[in-house]
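Observations on chain architecture
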Amino acid sequence: MNVTEDTMEEDRNWYIYWVNEVLSSHRALYIDEFRINFDLDVSYESYITNWIYSAISRKVKRFELSFHPAVSWQTLPEIYTFPQVVYESLKTDIGLAHVKSLRSLIFDSVNITGEMLEFFIYNCPYLDQLDVACSHNLLGLKVVGSELKLKYLDIVFCNNLEELELSCPSLLSFKYFGPIIKFTITNVPQLQDVSIGGGVGGHGLGNGRVLGPIVNYFRQLKNLELFVELNEESIQFPKCELPALRHLTFQICARRCSSFLDLTCMLKSCPFLQKLTLKMQVSQYSYEVRSRHQFPKHFHQHLKEVDMIGFSGNPVELELARYLLENATALEQLLLEPWVFESEATIEVAREEARKLEEAILPPGVKLYIH
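A brief report on the enclosed structure follows. Computed from a predicted model, the values in this text were never measured in an experiment. (Residues numbered from 1 in each chain as written. Predicted model: local features only at pLDDT ≥ 70, side-chain atom pairs only at ≥ 80, totals over all residues. Heavy atoms only, no water.)

The next subject is the overall build of the protein chain. Helix and strand counts for the protein chain stand at eight helices and 18 strands. Here the protein chain holds 371 residues, and the buried ones make up 49% of them. Here the protein chain displays about 18,200 Å² of accessible surface, and carbon together with sulfur accounts for 49% of that area. (Helix = DSSP H or I, 4+ residues; strand = E, 2+ residues; numbered from the N terminus. Buried < 20%, exposed > 50% of the residue type's maximum accessible area, 1.4 Å probe, protein only. Areas by Shrake-Rupley, 256 points an atom, 1.4 Å probe, with all protein chains shown as cover.)

Printed below as a string of structure tokens:
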């Protein structure tokens, strides 16, 4: 649905009517998946609460409430809060019987406390996915227990979170994006995928950011995504080996940056890396690109695919692209893709620089894709 601020109230009313009609016509005793994904705020609280009761009473397996704003409001509306009365009803014998079927829980732009989330974690024996985004009421969370079945945990933009404790042998994937917190992680022997970062003052690399204890599990990871802030100063990477890593992603925020080549220091710790993805936001770069002799050749013998998302054709991006073309001896594909929101003029400059790169040094057998 194409939602605009002018039609928002009408669109919301239509959506609520549609959900109510679907639920009233649904005669089955069980619901496999219940997913609400629309810009609804606290003024629609009674409808949302009734939907929760309806879905839970039918032993829903996959449950999602996503109320992320569809348009940019000058003043953000008050978001829906998971009701205490619903929480209390779930703790009864009947409520506990209903929630035991849950496999997946997603809350986006829903205020929910750590106590409520922990109730679901410890009372839903089949729960394997928990995603929480933009919850102001989440201050702390413990995911601790050898009997837990949780495999996927995402905590993003919960900016009041202060403490997170993880000890979950079943956990395969963990994503955290937010401020620096007190973070404890132990007993995650199956953890393979990690994405970690933050905005101003958040987790990541560069400019005083920290990775925390998650670095102790880098050796076992297959996929890793890191937020990196680059400026004129050299970045210090943790001294660790990542022998199992196959896909590395950098989310790059660059201001007055003279080179991206610092990133290659971490590539050397990933001897079997197959794919490198760079999501780049370069607000300003130094025209004095750092001398390349500081970065001697290091052949990346298993790197087959490089994706540079947000490519604009500026010198620091081109320098890194040249380095990878010269040192990734098994490279098969290089993707150069500008952001879709860039102006036509910026996109055309990026395409022109990509074509020059292709004509100058593209090795035989490497396919260059320009979007």
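Next comes the rest of the account.
Pairing in this open sheet of three strands is parallel, and the strands run β7-β9-β11 from one edge to the other. Since the sheet does not close on itself, it has two edges, and those belong to β7 (140-144) and β11 (182-186), each with one partner. With direction set aside, neighbouring strand axes in the sheet form an average angle of 5 degrees. Where β7 meets strand β9 (residues 163-167), five bridges bridge the pair, whose relative direction is parallel. From the neighbouring strand, Lys142 faces β9, where its bridge partner is Glu165. (Pairing = 2+ DSSP bridges. Axes fitted to C-alpha atoms, helices over the stretch in contact; angles between N-to-C directions.)

Not every positive phi belongs to a glycine, and Cys134 is a case in point at roughly 55 degrees. Structurally, Cys134 is set in the loop between β6 (129-133) and β7. A positive phi angle is found at Asn187, which is not glycine, with a value near 55 degrees. On the secondary structure map, Asn187 appears in the loop between β11 and β12 (193-197). When its relative accessible area of 39% is taken as the criterion, Asn187 is described as partly exposed.

Under the definition given, this model contains 15 aromatic pairs. Geometrically, the ring pair formed by Tyr15 and Phe38 is stacked, given 4.4 Å between the ring centres and 10 degrees between the ring planes. Separated by 23 residues along the polypeptide, Tyr15 in helix α1 (residues 8-25) and Phe38 in the loop between β1 (33-37) and α2 (45-57) bring together distant segments of the chain. Taking relative accessible area as the criterion, Tyr15 reaches 7% and is therefore assigned buried. On the accessibility criterion, Phe38 (8% relative accessible area) is buried. Taking the centre distance of 6.3 Å and the plane angle of 65 degrees together, the rings of Phe63 and Phe107 count as edge-to-face. (Phe/Tyr/Trp six-rings, centres within 6.5 Å; stacked < 30°, edge-to-face > 60°.)

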